[in-house]
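Chain by chain, the residues run as shown.
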There are 2 protein chains.
Amino acid sequence: MEQHALPIANLIDQLSKLPGIGRKTAQRLAFYILEMEKLEAEKLSSSILEAKEKIKFCSICQNLTDKDPCHICQNEKRDKSVICVLEGAKDILAMERSREYKGQYHILHGLISPMDNIGPDDIKIRELLDRLADEQVEEIIVATNPTVEGEATALYLSRLIKPIGIKVTRIAHGIPVGGDLDYFDEVTISKAMENRREI
Amino acid sequence: MEQHALPIANLIDQLSKLPGIGRKTAQRLAFYILEMEKLEAEKLSSSILEAKEKIKFCSICQNLTDKDPCHICQNEKRDKSVICVLEGAKDILAMERSREYKGQYHILHGLISPMDNIGPDDIKIRELLDRLADEQVEEIIVATNPTVEGEATALYLSRLIKPIGIKVTRIAHGIPVGGDLDYFDEVTISKAMENRREI
């Protein structure tokens, strides 16, 4: 058993909760933080608090933003007739990098996953339906990742929204099954958008 | 250019200053933090501040500790006649894992590196010399890493301390136990050859 002073052990614990940060990396980061200038460590600490305090969900698309509505929903030049549905806020960055898509977004903040006890009411589907009533939406592009949960969510949305008379499409499987949107280049993402098909 | 809200961009900046955390990983961590429970994010933030506030240098060995002297310096069972000199506080963990060494430690918090403008006065060498006057030390084991800076620091310490009449030794460098010759660089192999001993 390694003997860490309590505040060090606690810092390591907290850091190792982050994704992709194992015990060993957390330890390395903790010691680095302890050797940092005090001011720098304070900046790191406060940037976490500040981001949590100032960043809210956009009341329209549920994107993470410090202004409400977010800069994309506020942008008058963007096509109001298409909504691209994404799993998480970081997927917007990947979509925007492709410079192809000029419509709106909707962030689900999760995917339907019965295995993890996440049902349709646990993600932002209700908020998506509300938008369909208000806005002149013609097409919903479901751009969730091609995983089991991503496909299940896409299918669920299609069954829910098609009866309203709105076209529901799915981005093409140019992205390998099991992959993550965030990791692919703009060309792959453009292709996948171009080859979207009705579901 | 990616459009992040300012507090998100700031959080990514701060995270990407950590060692081994690139831009992409910092972005992934930032979004993870933003999606975390608020309480969890607050715990992460405060664990950084708390560690910085409560953890000080041990007045004897310069180890990071919340008690002064640290638990190793306080331990009466440890051999006061040997001091193992290390680059950083995390190296103590590696040494203690071996369960072999029962002496004292001294943490330099850096290595002499003229390239980075780090001289002998910028690391805890003065504090080491002070201990030699007070204590009944017979041997100094320099266990800095076998890098250019680690070797330079070891040589500097040896020249400084030997004239006082204290033995200065260097840990052996060679092929790690279980290692394969084929995987190690020429410097390691040269070292291993140089330090060969009769069997």
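Residues numbered from 1 in each chain as written. Chains lettered and ligands numbered in written order. Predicted model: local features only at pLDDT ≥ 70, side-chain atom pairs only at ≥ 80, totals over all residues. Heavy atoms only, no water.

A few words now on the overall build of chain A. Of regular secondary structure, chain A possesses eight helices and seven strands. Across chain A, every contact between residues at least 6 apart in sequence was considered, and the portion connecting residues at least 24 apart equals 56%. Accessible area for chain A stands at about 9800 Å²; split by element, carbon and sulfur atoms hold 51% of it. Averaged over its 27 positive side-chain charges, chain A has a centre that lies 1 Å from the centre of its 33 negative ones. (Helix = DSSP H or I, 4+ residues; strand = E, 2+ residues; numbered from the N terminus. Contact = heavy atoms within 4.5 Å. Areas by Shrake-Rupley, 256 points an atom, 1.4 Å probe, with all protein chains shown as cover. Lys, Arg positive; Asp, Glu negative; His and termini not counted. Charge placed at Lys NZ, Arg CZ, Asp CG, Glu CD.)

As a further point, take the interface of chain B and chain A. A common measure of how large an interface is: the accessible area buried when the components associate. Taken together, the contacts link 53 residues of chain B with 55 residues of chain A. Run the count over chain B and chain A and you get two salt bridges. The salt bridge involving E40 of chain B is made with K17 of chain A; its shortest N-O contact spans 3.0 Å. In this assembly, chain B and chain A are joined by twelve residue pairs in polar contact (both at pLDDT 80 or more). (Salt bridge = Lys/Arg side-chain N within 4 Å of Asp/Glu carboxyl O. Polar contact = N/O pair within 3.5 Å; in protein donor to acceptor, adjacent residues only side chain to side chain.)

Take the side chain of H109 of chain A next. Tracing the chain through its elements places H109 of chain A in the loop between β4 (104-107) and α6 (125-134). Relative accessible area serves as the criterion here: at 15%, H109 of chain A is assigned to the buried category. A polar atom in the side chain of H109 of chain A sits 2.9 Å from the side chain of E35 of chain B. Excluding its chain neighbours within four sequence positions, the residues that come into contact with H109 of chain A are F57, Q62, L64, L86, E87, I123 and K124 of chain A together with E35 of chain B. (Buried < 20%, exposed > 50% of the residue type's maximum accessible area, 1.4 Å probe, protein only.)

Residues and elements named next belong to chain B. The strand order across the open sheet built from four strands is β4-β3-β5-β6, with neighbouring strands paired in parallel fashion. Across the chains shown, the open sheet's two edge strands, defined by having one partner strand only, are β4 (104-107) and β6 (167-170). Looking at each pair of strands side by side, their axes are set apart by 25° on average, direction ignored. With four bridges connecting them, strand β3 (residues 82-86) and β4 associate as parallel partners. Within β4, the residue paired with C84 across the bridge is Y105. The sheet contacts of helix α7 (residues 148-161) involve β3, β5 (139-142) and β6, and relative to β6 the element is tilted by about 165°. (Pairing = 2+ DSSP bridges. Axes fitted to C-alpha atoms, helices over the stretch in contact; angles between N-to-C directions.)

A few words on helix α7 (residues 148-161) of chain A. All names here are of chain A. With 14 residues, α7 extends 20 Å from end C-alpha to end C-alpha; this agrees with the ideal 20 Å at 1.5 Å per step. Taken together, the buried positions of α7 are occupied by G150, T153, A154, L157, S158 and I161. Along the long axis of α7, the arc covered by the buried residues comes to 135°, so they all point the same way. The exposed residues of α7 that point more than 90 degrees off its buried face are V148 and R159. Buried-residue contacts for α7 involve β3 (82-86), α6, β5 (139-142) and β6 (167-170). (Expected span 1.5 Å × (residues − 1). Arc of directions from axis to C-beta.)

All names here are of chain A. For chain A, mean pLDDT is 88; residues scoring 70 or higher make up 93% of the total. When pLDDT is averaged over each helix and strand of chain A, the minimum, 69, is found for strand β7 (residues 197-198) and the maximum, 95, for β4. In the predicted complex, the global pTM is 0.75; the interface-specific ipTM is 0.77. (pLDDT = per-residue confidence, 0-100.)

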